[in-house]
Amino acid sequence: MVELEKNKNISVHMDTLEQHPHCSHGPTILFSRGLDGKKFYSCAAYRDKKKCSFFLWENQSGEKYVQQFERDPIISKMIRFKLQSRLKFVKSLNQENRIYCHKCNELLPKSEKHLHLEHEDFLQENIDDFKLSRPSQLLRPFQESKRESQYFFTDSTINAFLNMFKSLNIKYVVCIGAPTIHEQIVCKVPVLKSILLDIDHRYLQFYQCNDFRWFNLFNCYILEECDTKEILVDLLSKEDSMAVLIDPPFGGRLEPIAYTMKKFDDIRLKHNKNFLTKFLILPYFMERYVKSCLPEMSMLDYKVDYSNHKKFNDTGRNKGSPIRLFTNANQSKIPLPSDENYHFCEECNRWVSGENNHCYQCGGCMSKNGRKYIHCNLCKKCVKCTWKHCKKCKKCCLPDHRCINDQIKTSSKNKRQGQNKKYKSSINLKSTMIKKNIYNEEIKRF
Ligand SMILES: C[S@@+](CC[C@H](N)C(=O)[O-])C[C@H]1O[C@@H](n2cnc3c(N)ncnc32)[C@H](O)[C@@H]1O
Ligand SMILES: [Zn+2]
Ligand SMILES: [Zn+2]
Ligand SMILES: [Zn+2]
Ligand SMILES: [Zn+2]
Ligand SMILES: [Zn+2]
Ligand SMILES: [Zn+2]
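Residues numbered from 1 in each chain as written. Chains lettered and ligands numbered in written order. Predicted model: local features only at pLDDT ≥ 70, side-chain atom pairs only at ≥ 80, totals over all residues. Heavy atoms only, no water.

Caption draft 1: Structural context of helix α8 (residues 228-236). Inspection of α8 places T228, I231, L232, V233, L235 and L236 among the buried residues, and these make up the whole buried set. Regarding α8, its N-cap is D227, as a side-chain oxygen of that residue lies 3.0 Å from the backbone nitrogen of K229 further along. (Buried < 20%, exposed > 50% of the residue type's maximum accessible area, 1.4 Å probe, protein only. Helix = DSSP H or I, 4+ residues; strand = E, 2+ residues; numbered from the N terminus. Polar contact = N/O pair within 3.5 Å; in protein donor to acceptor, adjacent residues only side chain to side chain.)

In structure tokens form, the structure reads like this:
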């Protein structure tokens, strides 16, 4: 989506974020759009007006405007305390006496069912211990929402992540937008500690402060009544060997994620802790944006699978999921599952997928999209195996492409017809549209 937004020329300005006006989701982000580059503040978490309608031109800022916007209920220490005692109480009941109301997003004892009589269709009864300890399985995913697209990892992907933490000797994992990893660590991996940071406030009622914080990744802000900095310092200076794993919602910009990572790094540095091992999950074709915003990160060949997403897994597409893991860790220290056909390439000193063969001419395992690449001696580089070298275009292209020469011919024919100017712009427009469509197609294919 970064690309789509770049096409619309939207820029993000994060330098003075701490002074920006706040919406219910913390400091807003300063954006600028179009040729005049007029700047405006908008919500850091939601682009959808229904979710957050905050909008303010830069020169409009001031209390008067800011106060027009309603705040979500503030989660104070008192509320957290009440939620915790409620959880304790519900846990102490038999599963037949536990209910979850999906309308009120509330865990409740059966004795309070009469208070939700109008929500009959939303009541889920018989909440067992498994669901209580894995709220992601209980809560209804917000799939319809653009931002909180809650697609969950498959068990094999969760295991692969846990093995990576083990190989890197990680002791503490900060899971941002990754509830299933947090749940697995809490329930099954006693040697690891973990905290979940997520914008989904429903998790508040299942966890204590040490296990969950209501957090906005795109402005590094804790949405509870607390001092964000104090809490982050406390969290990030706990452990020497710490990792952060981020599964951001699709469509999120990278600049704000880089902003949050820089804040984390600064805290670690100030408190003399080792550098933070980072894992960021994004589609493979976002690689160049990741490199420009977070240059320390490189792309692992591991395909991240989601269980409730039609195309982000190995069944949906013949080349497997297009989602990858980016990391600042040394790739040679991250073994990928050999039972899923990953192997170690001695030349590259990293693990790669089964179909990624080493190319001695290019000096690397060059496949990015999960399919075989073949070396083209004329292009002097590896290309997708579905491409063929076209003599006319002098490069490898899809077999059914329209040759550049043919396009030029059409254009000169029209030139002769005296429509030169008009056509030139239409060709430019067309090629931009083709590029855009390719990108849209990429997105749609998910
Ligand atoms: C694609 S889902 C990831 C779920 C993950 N694959 C798992 O299995 O645990 C994205 C997650 O990011 C969270 N999220 C969305 N926007 C966020 C934000 N601005 N700050 C923090 N978390 C956010 C959502 O609530 C959701 O849990
Ligand atoms: Zn907002
Ligand atoms: Zn209810
Ligand atoms: Zn190689
Ligand atoms: Zn090659
Ligand atoms: Zn070629
Ligand atoms: Zn051609």
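Past the structure itself, the notes keep going.
Caption draft 2: Representation of the coordination of the zinc ion (ligand 7). The zinc ion (ligand 7) binds to the protein through C390 (SG), C393 (SG), H401 (NE2) and C403 (SG), with metal-donor distances spanning 2.1 to 2.4 Å. Around the zinc ion (ligand 7) sit four donor atoms, and with donor-metal-donor angles ranging over 102 to 116 degrees the site reads as tetrahedral. Sequence positions of the donors to the zinc ion (ligand 7) reduce to the motif C-x2-C-x7-H-x1-C. Of the two residues, C393 is situated in the loop between β24 (388-390) and β25 (395-397) and C403 in the loop between β25 and α11 (404-416); the sequence distance between them amounts to ten residues. Taken as a pair, C393 and C403 share a single burial class, namely buried. (Donors = N, O, S within 2.8 Å, 3.2 Å for Na, K, Ca; no water. Tetrahedral: all angles 85-135°; square planar, octahedral: opposite > 155°, others 65-115°.)

Caption draft 3: Highlighting the nonpolar core. Ranked by size, the top nonpolar core spans 59 residues in total, and within it F161, M164, F165 and I181 carry the most contacts. At the level of secondary structure, the elements contributing two or more residues to this core comprise α3 (77-92), α6 (155-167), β10 (172-176), α7 (179-188), β12 (212-216), β14 (242-246), β15 (277-283) and β17 (323-327). Top contributing element to this core by residue count: α6, with six residues. Once residues lying within four places of it in the same chain are set aside, the contact partners of F165 are I170, V173, I181, I185, L192, A243, L245 and F279. Membership of the second largest hydrophobic core comes to 45 residues, among which are L236, I257, I267 and F285. (Core = buried A, V, L, I, M, F, W, Y, C linked by side-chain atoms within 4.5 Å. Contact = heavy atoms within 4.5 Å.)

Caption draft 4: Representation of the pattern of salt bridges. Enumeration over the complete set of coordinates arrives at 17 salt bridges. Across the salt bridge formed by E18 and K263, the nearest N and O atoms sit 2.7 Å from each other. Taken together, the positions of E18 in the loop between β1 (11-13) and β2 (22-23) and K263 in helix α9 (residues 254-270) put the pair 245 residues apart, joining distant regions of the chain. Residue classification places E18 among the exposed positions, given a relative accessible area of 54%. Under the relative-accessibility criterion, K263 is labelled partly exposed at 28%. Between K278 and E296 there is a salt bridge, and its shortest N-O distance comes to 2.9 Å. (Salt bridge = Lys/Arg side-chain N within 4 Å of Asp/Glu carboxyl O.)

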